[in-house]
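Each chain is listed here by its residues.
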Amino acid sequence: MRKGPLADVMERSVARLSRRAKSGRVTHPGRSVCHARLVLRFRRVTLPAPREAEEEPVKVSAIHLHEVSPPEAPHIEWYLLTTMAVTTREEAKQMVEHYTLRWRVEDIFRILKSGCRVEKLRLQQAASWHQAITLYLVTTWRTMLMTLLGRVLADLEAELIFTDTELQVN
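In short, a report on the structure. None of these values were measured; they are calculated from a predicted model. (Residues numbered from 1 in each chain as written. Predicted model: local features only at pLDDT ≥ 70, side-chain atom pairs only at ≥ 80, totals over all residues. Heavy atoms only, no water.)

For the rest of this paragraph, the subject is the overall build of the protein. A count of helical and extended segments in the protein gives four helices and six strands. Seen in sequence order, the protein has helices and strands lined up from the N terminus as β-β-β-β-β-β-α-α-α-α. The buried share of the protein, reckoned over its 170 residues, is 22%. Of the contacts formed within the protein by residues at least 6 apart in sequence, a portion of 48% connects residues at least 24 apart. Summed over all atoms, the accessible surface of the protein reaches about 13,000 Å², with 55% contributed by carbon and sulfur. (Helix = DSSP H or I, 4+ residues; strand = E, 2+ residues; numbered from the N terminus. Buried < 20%, exposed > 50% of the residue type's maximum accessible area, 1.4 Å probe, protein only. Contact = heavy atoms within 4.5 Å. Areas by Shrake-Rupley, 256 points an atom, 1.4 Å probe, with all protein chains shown as cover.)

This is the structure:
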């Protein structure tokens, strides 16, 4: 991928958030916001089928992003694979944008599964799932909002997030 034709050079603001263990201890201090120059390359590739499977090889679009002259180590390098056809640099850039949202989607499912424990509901009807997920997604969205704001504005007043009634509930 590194030797493939250059499609574009992208500029992105990048920050690595600090990581915390469940105990709250910081396990990785993070990295301050910086502007990264990323070289973008893409092409269509064929992945061979597993030897033991009787399936056909799979054609995918491969996208490679590599940071040019990173200010600090480690540098950014992403290899993205998608079954969607990527034939233009605009499509490749759009796939990169989709990928940057991936962690938000992962957070949604983590909160639904671990925080809200939706799997323990064991609902049988689609209508019941629809109602439950509708309610839990509101909780999930607010949890994500508080988490993201808490990382940036640690001293945020609770009144900005919660109503007076919600603050009075124990």
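Glancing now at the environment of V14. Turning to its location among the elements, V14 is positioned in strand 1 (residues 8-16). Owing to a relative accessible area of 18%, V14 belongs among the buried residues under this scheme. Sequence separation of V14 and I76 is 62 residues, and the distance between their C-alpha atoms is 9.4 Å.

For the rest of this paragraph, the subject is the packing of helix 2 (residues 102-115) against helix 3 (residues 126-152). Where helix 2 meets helix 3, the axes come as close as 9 Å, and the angle between the chain directions of the two elements is 120°. Classed by the angle they form, the pair helix 2 and helix 3 counts as oblique. Regarding helix 2 and helix 3, the two cross each other, and that crossing is right-handed. Contacts between helix 2 and helix 3 involve R104, D107, I108, I111 and L112 from the former and Y136, L137, T140, T143, M144 and L148 from the latter. Counted by class, the contact of helix 2 with helix 3 contains seven nonpolar, two polar and two charged residues. (Axes fitted to C-alpha atoms, helices over the stretch in contact; angles between N-to-C directions. Parallel < 35°, antiparallel > 145°, perpendicular 65-115°, else oblique. Left-handed = near helix turned anticlockwise from the far one by under 90°. Nonpolar A, V, L, I, M, F, W, Y, C, P; charged D, E, K, R; others polar.)

Applying the stated criterion to the full structure yields one aromatic pair. For the ring pair W78 and Y99, a centre distance of 5.1 Å and an interplane angle of 65° mean the geometry is edge-to-face. Placement of W78 in strand 6 (residues 77-82) and of Y99 in helix 1 (residues 89-100) is noted, with a sequence separation of 21 residues between them. The exposure class assigned to Y99 is partly exposed, which follows from its relative accessible area of 25%. (Phe/Tyr/Trp six-rings, centres within 6.5 Å; stacked < 30°, edge-to-face > 60°.)

This part takes up the side chain of T140. In this structure, T140 sits in helix 3. Other than its neighbours up to four places away in sequence, T140 contacts I108, I111, L112 and C116.

For the rest of this paragraph, the subject is the nonpolar core. The nonpolar side chains of a soluble globular protein tend to be buried, and buried together. Residues L40, I63 and V96 are the most contacted members of the largest nonpolar core, which totals 15 residues. Of all the elements in the fold, those that place two or more residues in this core are strand 1, strand 4 (31-47), strand 5 (58-68) and helix 1. The element contributing the most residues to this core is strand 4, with four residues. Apart from the residues lying within four places of it in its own chain, the contact partners of L40 are L6, A7, D8, M10, I63, H64, L65, R89, A92, K93 and V96. Judged by nonpolar contacts, the second largest core, of five residues, contains L112, C116, V118 and M144. (Core = buried A, V, L, I, M, F, W, Y, C linked by side-chain atoms within 4.5 Å.)

Moving on to helix 3. When the terminal C-alpha atoms of helix 3 are compared, their 38 Å separation across 27 residues agrees well with the 39 Å that a helix rising 1.5 Å per residue should span. Where helix 3 is concerned, the buried positions are A132, T140, R142 and M144. Against helix 2 and helix 4 (164-168) lie the buried residues of helix 3. (Expected span 1.5 Å × (residues − 1).)

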